[in-house]
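Geometric and topological summary
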Amino acid sequence: MNWPTPRRSVAIARVEYRRSLRAMLRNRTQLLGFGVFLLLFVGMPTVGGSYVAYTAGEEMLDALPVLDGARGALALAWLGPVALIAQRAVGTTARIDAEAGMLTTVPAPDVLGGLVLAEAARVLSVAAVPVVAVAGAFALGIGAPVAVLSIVAALLAVFVTALLAGHVVGVAIKIVVGQSELLTRYKSVLAVVAFLAYFAAVSSEAFGRALVELFGLLQDSPTAWFGDLLVAGVPGVAPSPVRVVGALALVAAGVPVLLAIDVRAAERLWYADRAQPGTRTYEESDADGTVLSRIAAGPTRAVVRKIWRRTKRAPIRLIYVAYPLFFLFAPLQQVFSTGTVPASLPVLLALYGTWAVGAAALNPLGDEGALLPLALTSGVRGGQFVRGHVLAVSALGLPLVVAVTALSGLLSPLGPSRWLALAAASALLSVVGPVLALAIGTRFPRFGTVRVSRSREVVIPSKTAFACYTLVVTVGALGAVVALVPGGGAVLSDIVAFVASLAGLSVAIAPPVLRAVGAAAALALGVIAPPLAYRYVARRFEHYTLA
């Protein structure tokens, strides 16, 4: 067995870590998002957790079953880093750039050691300060400074073993996918399905119940021994000496075993031949031909077919459409926990669905990629280009949006007239939205690729187009709600007055005025703007000049 050489692995880890930092610093949006994440999910919990640990540490020791809680908590917490590291290994960290050059100059175990150390450095850069701060505050609060050593040692043991176990799982998944022609071909589809399954799981009450069950079941697992190590320095708690020794032995034996498995798995991943999906001729199927012949013909039909093929080959290019799903977490969780559909859910589903249908057509020029010159000179007229894009996304998205909106409305407290009108509006917006999105995307195109994983880059809409389209849809939907829903004008009037009061202003707008403004906004964006947007995109396409 060839083990990683520490000096070479550290050198590789240093380079990989620096590259991660540079990549983040070059992307200001990612840097801003990371800063917000640090503030909300690291900084504030660290301050709050340290305060609670310092002031209420002794009370918690007296009121809670500390030993059993520590065992179950650490055994359950061990699964978190395993899942996170496995997901990152599948997406980015299990492979290296310039893989052929690296593996011909450096032994594979050293490369693997560098990748694992770099990943450890990334995680510790975020987690080390909060862990030490809260542990130190707790130890000082209970009057046992030595307790910080056992707490940090236990959490470090959890992290190291979970890091290696998660990396092994991630590499194993990449081996299975990479050596299967079927899985390689449909890995993007599988990723989307996995994401939706994860979202559904965390939104359901069953997920919480499963965690509670695991908390109890895992108290007798080997990883629960880390809980005894955690409280070894806490006064008044009597951990099992056998389990403390077992935790140390688990680290001493588990780290080299997991590292050896990881090295073998990485060598198989890097040196084995990867599955190459057979070349497929994307001839029009009978089903596609029947559908297309009914909705389009000639060049418009060719545009629709091209968009469908492009999406079928790389569905991951539409990953940005899934981002707003997280705003549906609360209402969906309410559905799973109470078994009832709130009146707001059909509205939110209709809004998200119509937004998503249009967003799929938000970058018409950039989606062409290297084929843009061919598309511009192919003889396709501007109107055919627009109709092809609208039909491509509406034919697939409109039936689904209408069905979901109608079903949720039927199960909600909304009356039949309300949810039927909502379903009809979602059908209309599923056609209008793409036209507006095409105009915005044509005005603010994006041709450069964005890295979504270490080995995958896709073209997604520009941030300006994304923001403008979202604002337009929100204004139109809000205007329609204010105009059509009884009491909508009064609610918006109260909101405007409240926001103004925060700025020290006294603003009062009569509800009838807001209803009129809302109706005008909905009318402008739903009736007046689409024909103008249609003409703009058609002319822009026909007169577009490549730089």
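Residues numbered from 1 in each chain as written. Predicted model: local features only at pLDDT ≥ 70, side-chain atom pairs only at ≥ 80, totals over all residues. Heavy atoms only, no water.

**Re the nonpolar core**
- Residues Val-111, Val-231 and Trp-270 are the most contacted members of the largest nonpolar core, which totals 53 residues.
- For this core, the secondary-structure elements that each account for two or more residues are helix H3 (66–93), helix H5 (108–141), helix H6 (147–178), helix H10 (225–230) and helix H11 (241–271).
- It is H6 that contributes the most residues to this core, twelve residues altogether.
- Trp-270 has contacts with Ala-94, Arg-95, Glu-99, Leu-103, Ala-108, Val-111, Leu-112 and Leu-115, leaving out every residue within four places of it along the chain.
- Counting residues in hydrophobic clusters, the runner-up holds 28 residues, among them Ala-361, Val-393, Val-432 and Leu-438. (Core = buried A, V, L, I, M, F, W, Y, C linked by side-chain atoms within 4.5 Å. Buried < 20%, exposed > 50% of the residue type's maximum accessible area, 1.4 Å probe, protein only. Helix = DSSP H or I, 4+ residues; strand = E, 2+ residues; numbered from the N terminus. Contact = heavy atoms within 4.5 Å.)

**Looking at a positive patch on the surface**
- Together, Arg-14, Arg-18, Arg-22 and Arg-26 give the surface a local cluster of positive charge.
- As for its placement among the helices and strands, Arg-26 is situated in helix H1 (residues 6–26). (Patch = residues over 30% accessible without salt bridge, like charges linked within 9 Å, V, L, I, M, F, W, Y side chains within 5 Å. Areas by Shrake-Rupley, 256 points an atom, 1.4 Å probe, with all protein chains shown as cover. Salt bridge = Lys/Arg side-chain N within 4 Å of Asp/Glu carboxyl O. Lys, Arg positive; Asp, Glu negative; His and termini not counted. Charge placed at Lys NZ, Arg CZ, Asp CG, Glu CD.)

**Topic: the pattern of salt bridges**
- The tally for this structure, following the rule as stated, stands at eleven salt bridges.
- Between Glu-119 and Arg-122 there is a salt bridge, and its shortest N-O distance comes to 2.7 Å. Taken together, the residues span about one helical turn, with Glu-119 and Arg-122 both in helix H5 at a distance of three residues. For the pair shown, Glu-119 and Arg-122 are each scored as buried.
- In this structure, the salt-bridge partner of Arg-310 is Glu-368, at a minimum N-O distance of 3.8 Å.

**A word on the packing of H1 against H5**
- As a packed pair, H1 and H5 sit with axes 7 Å apart at the nearest point and diverge in direction by 45 degrees. The orientation of H1 relative to H5 falls into the category oblique. When the axes of H1 and H5 are compared, the crossing they make is right-handed. For the pair H1 and H5, the contacting residues are Arg-8, Ser-9, Val-10, Ile-12, Ala-13, Glu-16, Tyr-17 and Ser-20 in the first and Pro-109, Asp-110, Val-111, Gly-113, Gly-114, Leu-115, Leu-117, Ala-118, Ala-121, Arg-122 and Ser-125 in the second.
- Residues of the contact of H1 with H5, tallied by class, amount to ten nonpolar, five polar and four charged. (Axes fitted to C-alpha atoms, helices over the stretch in contact; angles between N-to-C directions. Parallel < 35°, antiparallel > 145°, perpendicular 65-115°, else oblique. Left-handed = near helix turned anticlockwise from the far one by under 90°. Nonpolar A, V, L, I, M, F, W, Y, C, P; charged D, E, K, R; others polar.)

**Here we look at the environment of Ala-118**
- With respect to the helices and strands, the residue Ala-118 is situated in helix H5.
- For Ala-118 and Pro-222, which are 104 residues apart along the polypeptide, the C-alpha to C-alpha distance reads 27 Å.
- What Ala-118 contacts, discounting residues up to four positions off in sequence, is Ala-13, Glu-16 and Tyr-17.

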